[in-house]
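# Chain and residue survey
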Amino acid sequence: TYVWWAYIDGGDMRYATDDPVLITMEILSVVNGLVGFLGLWLWYRQRQSQAVACFCATAVVHLYATSLYFGSEILAGFPNVNTNSLFDVGVKFIAANSPWIVFPIVVLVWAAKRHHRSPVAP
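In what follows, the accompanying structure is described. Please read all numbers here as calculations on a predicted model, not as lab measurements.

### A look at a nonpolar patch on the surface
Side chains of V21, Y64 and L68 sit close together on the surface and give an oily, nonpolar patch of about 280 Å² of accessible area. When you line up the elements, V21 lands in helix α2 (residues 20–44). For V21, a relative accessible area of 43% gives the class partly exposed.

As structure tokens, then:
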């Protein structure tokens, strides 16, 4: 548990409490992971259009949840992040969580390009 305590110690104190919004976001992340797994299964079963729909759905959920995570902390004035530490803000809060914003955008751009390349049904 040391890794989690090191993260909590300055990264985001909301993880040390029973914040219902954060708990809901984490449960949603687990469900979202299952949808992503379904997408991978569909992809390997050669059902690419359904798989891409699952991937896009997970991307949208990631964007929403992460925007809520970042936005709520920023708008509240960083009460749960040690803003006196560049490591805590830069690495623990921003760098550790920014892939959940960046990669969903990459997935949505990839899906849009893939959609534009696919032949139109008669």
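There's more to say after this.
### Regarding the side chain of T66
Counting through the fold element by element, T66 comes out in helix α3 (residues 48–75). Once residues lying within four places of it in the same chain are set aside, the contact partners of T66 are N97, W100 and I101.

### With respect to helix α4 (residues 86–95)
Buried residues of α4: D88, V89, K92 and F93, and no others. One side of α4 carries all its buried residues, which in axial view fall inside an arc of 120 degrees.

### Points about unusual backbone geometry
For Q46, which is not glycine, the phi torsion reads 65 degrees and is therefore positive. Looking at the secondary structure, you find Q46 in the loop between α2 and α3. Taking the relative accessible area as the measure of exposure, Q46 reaches 60% and is therefore exposed. One non-glycine residue with positive phi stands out, namely F78, at about 60 degrees. Tracing the sequence through the fold places F78 in the loop between α3 and α4. The partly exposed category is assigned to F78, whose relative accessible area is 25%.

Thresholds, definitions, all that
- Residues numbered from 1 in each chain as written.
- Predicted model: local features only at pLDDT ≥ 70, side-chain atom pairs only at ≥ 80, totals over all residues.
- Heavy atoms only, no water.
- Patch = residues over 30% accessible without salt bridge, like charges linked within 9 Å, V, L, I, M, F, W, Y side chains within 5 Å.
- Areas by Shrake-Rupley, 256 points an atom, 1.4 Å probe, with all protein chains shown as cover.
- Salt bridge = Lys/Arg side-chain N within 4 Å of Asp/Glu carboxyl O.
- Helix = DSSP H or I, 4+ residues; strand = E, 2+ residues; numbered from the N terminus.
- Buried < 20%, exposed > 50% of the residue type's maximum accessible area, 1.4 Å probe, protein only.
- Contact = heavy atoms within 4.5 Å.
- Arc of directions from axis to C-beta.

By themselves, these figures tell us nothing about what the structure is for.
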